[in-house]
2 protein chains.
Amino acid sequence: MSDEQRFLVNALELAYANVENNGRPFGAVVVKDREVLATGVNEILRTNDPTSHAELNAIRAASQKLHSANLAGCTVYASGQPCPMCMAAMRLAGISEVVYAYSNDDGTPFGLSTAKIYEEMAKPFSEQSMKINHVPVRLSSRIGLYEKWQRKQTPNV
Amino acid sequence: MSDEQRFLVNALELAYANVENNGRPFGAVVVKDREVLATGVNEILRTNDPTSHAELNAIRAASQKLHSANLAGCTVYASGQPCPMCMAAMRLAGISEVVYAYSNDDGTPFGLSTAKIYEEMAKPFSEQSMKINHVPVRLSSRIGLYEKWQRKQTPNV
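Residues numbered from 1 in each chain as written. Chains lettered and ligands numbered in written order. Predicted model: local features only at pLDDT ≥ 70, side-chain atom pairs only at ≥ 80, totals over all residues.

Caption draft 1: Local environment of the overall build of chain A. When you go through chain A residue by residue, the secondary structure sums to seven helices and five strands. For chain A, the succession of helices and strands along the chain, N to C, is α-β-β-α-α-β-α-β-α-α-β-α. Rg of the C-alpha trace for chain A: 19 Å, well past the compact-globule value of 15 Å for 157 residues, more than 25% over. C-alpha extents for chain A along the principal axes are approximately 60 × 40 × 25 Å. For chain A, buried positions account for 45% of its 157 residues. (Helix = DSSP H or I, 4+ residues; strand = E, 2+ residues; numbered from the N terminus. Rg over C-alpha atoms; globule rule 2.2 N^0.38 Å. Buried ≥ 20, exposed ≤ 12 C-beta atoms within 10 Å, placed from the backbone.)

This is the structure in structure tokens:
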């Protein structure tokens, strides 16, 4: 069995176990240097946290293990095709590769596809079903928010 | 001052305070029935958690307050344009509307834009810089993962 298959089997076994524990059928592992660094399962039903996806939880656990928000060089193995939230989280963390076993097409008959969220998010903001508004309010009595942050980064300049 | 302006000012004040506390310049509030239900700030630098964005933290806090992963009827007010992770999280939570004050264009000169992540994610999987692979591994000795989950949902059928 290749490393890739082994890590996917690990993610799948986590997903099966999560179903046994009354959770949703998703598991993920974060791998670095051919070793499992951290794992996660979908915990939405247990925690009521809508962001508690397997991949997000695995990324969060990996960051705590490395004491770093930068997961460059890590690969995510997921039982199912990651949703856009988890895909973006991987990018924010510097993940270089993701591999998944069950596709959105596999999930569709079971209501377990996030294809519609992908489709929605591919549209211009003005055409999406969620209203997205840019209202350029500023706190006029203060220095610009981002200028303030920039100055804090370089206090001696 | 309109409700919309008031909630954006609230999000901005959270962002300013977060900079004072050595955090990144982002704050968000979740509003339901014209009241602030929960707030969040960017805590990446404090926690090393790459998913610790203001909007995501506000959504998580709101879900805990409502004891529900379903935030239908809630609006998110964010100091800055939400990244794709947070946008997708809002959709997963059933958020109906998001309003933001600082745009990605405003953030670009400060390195605070997520426009490149949006651009990347708009491409087909095969053309993105992060490698995305579908490898349909299955645990052949077991019932299908999604079938197993489905049976668990309807134990008496």
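Caption draft 2: Molecular detail of the interface of chain A and chain B. If you look at the interface, chain A gives 68 residues, while chain B gives 68 residues. Per-class residue counts for the side of chain A that touches chain B are 42 nonpolar, 14 polar and twelve charged. (Contact = placed C-beta atoms within 7 Å. Nonpolar A, V, L, I, M, F, W, Y, C, P; charged D, E, K, R; others polar.)

Caption draft 3: Broad picture of the relation of the copies chain A and chain B. Of the two same-sequence chains, chain A is brought onto chain B (RMSD 0.0 Å, axial shift 0.0 Å) by a rotation of 180 degrees. One copy is carried onto the other by what is essentially a two-fold rotation axis. Nearest to the rotation axis, the C-alpha of Met85 of chain A is located 2.0 Å from it, this being the minimum over chain A. In this assembly, 100% of the residues forming the interface of chain A have copies in chain B that are likewise at the interface, indicating an isologous arrangement. (Least-squares fit on C-alpha atoms with pLDDT ≥ 70 in both.)

Caption draft 4: The sheet that holds strand β5 (residues 131-134) of chain A, seen in detail. Taken in spatial order, the five strands of this open sheet run β5(A)-β4(B)-β3(B)-β1(B)-β2(B), and their pairing is mixed. The two strands at the open ends of the sheet, each matched to only one other strand, are β5 of chain A together with β2 (35-41) of chain B. Within the sheet, the average angular offset between the axes of one strand and its neighbour, ignoring direction, is 20 degrees. In terms of strand pairing, strand β1 (residues 27-32) of chain B meets β2 of chain B through six bridges, oriented antiparallel. For Ala28 of chain B, the partnering residue across the bridge sits in β2 of chain B and is Gly40 of chain B. Together, β1, β2 and β3 (75-80) of chain B form the strand contacts of helix α3 (residues 54-66) of chain B, whose direction differs from that of β2 of chain B by roughly 135 degrees. (Pairing = 2+ DSSP bridges. Axes fitted to C-alpha atoms, helices over the stretch in contact; angles between N-to-C directions.)

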